[in-house]
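Here's the letter readout for the chains.
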Amino acid sequence: MRESIRRRLERLADRYEEVGRLLASPDVAGSSDRFRELSMEYARLEPVAREWRAFLALEAEARGAEEMARDADPELRAMAEEERRRLAGAIDSAETALARLLIPKDQHDESNIYLEIRAGTGGDEAAIFAGDLFRMYSRYADAHGWKVEILSENRGEHGGYREVISRVVGRGAYSKLKFESGTHRVQRVPATEAQGRIHTSTCTVAILPELAEIDDVAVADADLRVDTYRSSGAGGQHVNKTDSAVRITHLPTGIVVECQDERSQHKNRSRAMALLKARLLAAEREKQTQAQAASRRLQVGTGDRSERIRTYNFPQGRLTDHRIELTLYKLDQIVDGALDDVVEPLAREYEADQLRGLE
């Protein structure tokens, strides 16, 4: 184990003991806010302290095996050698587990998300592909027990969407789908293609975490232009009678958001404001991480949609994620919502990048 990581673990273990003593103090027990804050820190540190104690115990066993290996008795030396091999594997595993615990947690991992899909190059076929992507993510959400709410949509002339913005409600939605932001490319023969030629089209996907109150973004009323209009979505005759849909423009950045899902103008405005704040946070995070993201294969949290991240090749039944050179020949199952074989390798690669950074 590297000395820098060892020192960090020692400091965290010491802090765990210190917080435990503070929680037992009458002064802290009498302050509900301070007690709650320290209790949360204690809970965060407990897995690190537990794994660190187990690691130190394995190291002590390894030192005992080293001493036994120098014994004059050949049987004892043979036993020691076997024990050394066992402990070497256990120590490696424990070291990896400790390093994972040191990886900074993304505060938004448990959040709901906003899923935005927009047709890119390719005309009608791009819009149809956007519809396919929305269906893929919706089925994935259903499999995880998440709820999908369409906030606004602009349907394509021959099916699919020019743009569809939805809210996905479910614990851990962001942690599962945060690597999906980027340009998705499809290669297939469109239904309207008489000569059987393969066409290439693209869509952009953006995954934005829904903000909790604790990380809310301040937006001045003077920076907003709010327009109302009649909804074009479902809702019976009601939508033709009232201007319930809301469009909000953030004047300093030019970001525009819309919501027409609810019949209530007040509810649509509230949802549009929540989406606007999520986009503003994503833009701020992009500025902060742009330099380091440029040197990484995974554009995590940047909202960068200019890079082609994935290709869906239907004639070959092949999906390729270009960031980690992942190729899978099960495209039909994936577009039907079986995304775990795609998102899990991305998460593992991100974790490996973080572990390399710790070292």
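Note that the structure is predicted; figures quoted are calculated from it, not measured.

A. Main features of the overall build of the protein. What the protein contains, in helices and strands, is nine helices and 11 strands. By the burial criterion, 43% of the 359 residues in the protein qualify as buried. Restricting the contact set of the protein to residue pairs at least 6 apart, pairs at least 24 apart contribute 61%. Split by element, the accessible area of the protein, about 19,300 Å² in all, is 47% carbon and sulfur.

B. Seen up close, the pairing of strand S4 (residues 182-188). The buried fraction of S4 is high, at seven of seven residues. Where S4 and strand S5 (residues 199-209) come together, seven bridges link them in antiparallel fashion. Residue pairing for S5: Val186 is matched across the bridge by Ser201.

C. Examining the nonpolar core more closely. Counting residues in each nonpolar core, the largest one holds 36 residues, and the members touching the most others are Leu115, Ile117, Leu133, Tyr137, Leu177, Tyr312 and Leu339. It is helix H5 (residues 124-143) that provides the largest number of residues to this core, a total of eight residues.

D. Spatial organisation of the sheet that holds strand S8 (residues 255-259). What the three strands build is an open sheet, ordered S6-S7-S8; its pairing is antiparallel. The outermost strands of the open sheet, each flanked by one partner alone, are strand S6 (224-229) and S8. With strand direction ignored, the average angle separating the axes of adjacent strands in the sheet is 15°.

E. Representation of the environment of Gly20 in the model. Note that Gly20 resides in helix H1 (residues 3-23). Residue classification places Gly20 among the partly exposed positions, given a relative accessible area of 25%. Between the alpha carbons of Gly20 and Leu38 there is a distance of 8.5 Å; along the sequence they are 18 residues apart.

F. View of helix H9 (residues 340-358). Counted at 1.5 Å a residue, the expected span for H9 with its 19 residues is 27 Å, and the 27 Å between its end C-alpha atoms agrees. For H9, the set of buried residues is Val342, Val343, Pro345, Leu346, Glu349, Tyr350, Asp353, Leu355 and Leu358.

G. How the structure looks around unusual backbone geometry. Of note, Glu325 is a non-glycine position whose phi angle comes to about 55°, a positive value. Along the chain, Glu325 falls in the loop between strand S10 (318-321) and strand S11 (326-328). The exposure class assigned to Glu325 is exposed, which follows from its relative accessible area of 71%.

H. Representation of the pattern of salt bridges in the model. This model, assessed by the stated rule, comprises 34 salt bridges. Asp109 is the salt-bridge partner of Lys178, the closest N and O atoms lying 2.8 Å from each other. Placement of Lys178 in the loop between helix H6 (173-177) and S4 and of Asp109 in the loop between helix H4 (74-102) and strand S1 (113-119) is noted, with a sequence separation of 69 residues between them. In this structure, the salt-bridge partner of Asp124 is Arg162, at a minimum N-O distance of 3.1 Å. Here the residue Asp124 occupies a position in helix H5, and Arg162 occupies one in strand S3 (residues 161-169), the gap between them amounting to 38 residues. For Arg162, a relative accessible area of 31% puts it in the partly exposed group. Bridged by salt links that share partners, the residues Lys147, Glu149, Arg167, Glu210 and Arg271 form one connected network.

Criteria and thresholds
- Residues numbered from 1 in each chain as written.
- Predicted model: local features only at pLDDT ≥ 70, side-chain atom pairs only at ≥ 80, totals over all residues.
- Heavy atoms only, no water.
- Helix = DSSP H or I, 4+ residues; strand = E, 2+ residues; numbered from the N terminus.
- Buried < 20%, exposed > 50% of the residue type's maximum accessible area, 1.4 Å probe, protein only.
- Contact = heavy atoms within 4.5 Å.
- Areas by Shrake-Rupley, 256 points an atom, 1.4 Å probe, with all protein chains shown as cover.
- Pairing = 2+ DSSP bridges.
- Core = buried A, V, L, I, M, F, W, Y, C linked by side-chain atoms within 4.5 Å.
- Axes fitted to C-alpha atoms, helices over the stretch in contact; angles between N-to-C directions.
- Expected span 1.5 Å × (residues − 1).
- Salt bridge = Lys/Arg side-chain N within 4 Å of Asp/Glu carboxyl O.

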